[in-house]
Amino acid sequence: MSMSNGALSKIQTRQVCYAVASFCLGAWAFYKVNTISGPFFEPIIAACQNPDFSVDDFAQKTGYHSYEPKLGLGAFNLLVCLITQFLLELRETHPAGILTWGGVIVVSLPLALFNSICAGRRGGKGPVRYPTAFGLLFQLFGISVMYPMLYNPSYIFSGVRFGVPATNFRIIAATILSLPGIILTFLVFYAPTESYLWTCAAGMLGGPILVMTGLFFWMDKSSSMEGSTQNIMKSSNLLQNAYSLLAMVTFIFWWCLMAVAFQTYGFEIGLLWRDIWVEAGPSVAFMTVDTGVLFLGELLLIAYESEWKAVKAFALTPLVGPGAAICLVLIELELEGTAALLNGAKKDV
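What comes next concerns the included structure. (Residues numbered from 1 in each chain as written. Predicted model: local features only at pLDDT ≥ 70, side-chain atom pairs only at ≥ 80, totals over all residues. Heavy atoms only, no water.)

Section: helix H5 (residues 131-141)
Reasoning step 1: Turning to H5, its buried residues are Thr132, Phe134, Gly135, Leu136 and Phe138.
Reasoning step 2: Phi turns positive, to about 100°, at glycine 142, one or two residues after H5. (Buried < 20%, exposed > 50% of the residue type's maximum accessible area, 1.4 Å probe, protein only. Helix = DSSP H or I, 4+ residues; strand = E, 2+ residues; numbered from the N terminus.)

The following block contains the structure:
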């Protein structure tokens, strides 16, 4: 009994250490992005909230870009207005804008699938079961803040286990729903900014529309799915294929971003760093923090499961990019979790 208590205490200590470390990372990001973006956002927020400016004459009276309030679904019109101006500045800051925003897209793609699968797995509990709510928090306060500050601790104490089966519907839908961000990113950075297409793409990319698609999963039955050998194997194989697809997509997207960077900077890393951080505007600097902190948050989550896997993901990043590196180690964790379940090491699925 003493060994059992000692093992439990060790697990709890590990949980607390990783949860606190991740929370502190998110708290630092919150301080940093607000320091960077506060003065930039304040006049935009004031204009977006001004009742004297109608949607039709907003651009003419404020000098800001027009926005599509329908994409705010009523409750998030301010967010859509704000993100439209934010993305416009990124668009006009080439290539730093697309490099930093694209970096977040690459790093976040594995999370879109991972979060949706974790939410439906049997045995999970707590906030991790509500990815749509987390998605709205990511949009409102920044993913680099909310992911390490709230999502990681929620996951650590959730009881979610790798290898626990999910339905085909959840895996396929989560994979498909993770991809529109790439298409919208292309439109935001290459469609004419004076077009209605650009306005809608910007509002959808940073507004609530994409996040709300997660409500489809309320129909899913993964949480009541039987943990049979057949279900475990079928789910594991499909999920590995899903992560492999995202690894390929993020690998291609990452090297497209590297090609854009090379065209401007060549091997002058100092010039790149100047444009994305040292002399960067508020939106670019914000996204630089977002990309870096989000990747560190993912590494912390993986390290909680296996420090070696986190080291491996970090080592693979220069070769395949951060998104593909995360996908590859998530595949390994799924394989190990599946093997443990099939071997009877975890029987209470």
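Quick look at the packing of helix H8 (residues 180-190) against helix H9 (residues 196-206)
Reasoning step 1: In contact at an axis separation of 9 Å, H8 and H9 are set at 140° when each is read in the N-to-C sense. Taken together, H8 and H9 sit at an angle that is classed as oblique. Note on packing geometry: the crossing formed by H8 with H9 is left-handed. Of H9, the residues touching H8 (which contributes Gly181, Leu184, Thr185, Leu187 and Val188) are Leu197, Trp198, Ala201, Ala202, Met204 and Leu205. (Axes fitted to C-alpha atoms, helices over the stretch in contact; angles between N-to-C directions. Parallel < 35°, antiparallel > 145°, perpendicular 65-115°, else oblique. Left-handed = near helix turned anticlockwise from the far one by under 90°. Contact = heavy atoms within 4.5 Å.)

Remarks on the nonpolar core
Reasoning step 1: Ranked by size, the top nonpolar core spans 101 residues in total, and within it Phe86, Trp101, Phe114, Tyr147, Tyr151 and Tyr155 carry the most contacts.
Reasoning step 2: Per element, the largest residue contribution to this core is 14 residues, and it comes from helix H4 (residues 96-120).
Reasoning step 3: In contact with tyrosine 155, not counting residues within four places along its chain, are Phe114, Cys118, Val128, Val160, Phe162, Leu301, Tyr304 and Glu305. (Core = buried A, V, L, I, M, F, W, Y, C linked by side-chain atoms within 4.5 Å.)

Observations regarding the packing of aromatic side chains
Reasoning step 1: Enumeration over the complete set of coordinates arrives at 18 aromatic pairs.
Reasoning step 2: An angle of 75° between the planes, with centres 5.1 Å apart, marks the rings of phenylalanine 134 and tyrosine 151 as edge-to-face. Remark: tyrosine 151 occurs in helix H6 (residues 143-156) and phenylalanine 134 occurs in helix H5; sequence separation between them is 17 residues. Across the pair, exposure class does not vary: phenylalanine 134 and tyrosine 151 are buried alike.
Reasoning step 3: Ring centres 6.1 Å apart and planes at 50° place the aromatic pair phenylalanine 138 and tyrosine 147 in the tilted group.
Reasoning step 4: For phenylalanine 138, a relative accessible area of 11% puts it in the buried group.
Reasoning step 5: Among the aromatic residues, those joined into a ring-pair cluster are Phe40, Phe41, Phe86 and Phe286. (Phe/Tyr/Trp six-rings, centres within 6.5 Å; stacked < 30°, edge-to-face > 60°.)

Such coordinate-based values are descriptive only and should not be taken to indicate function.
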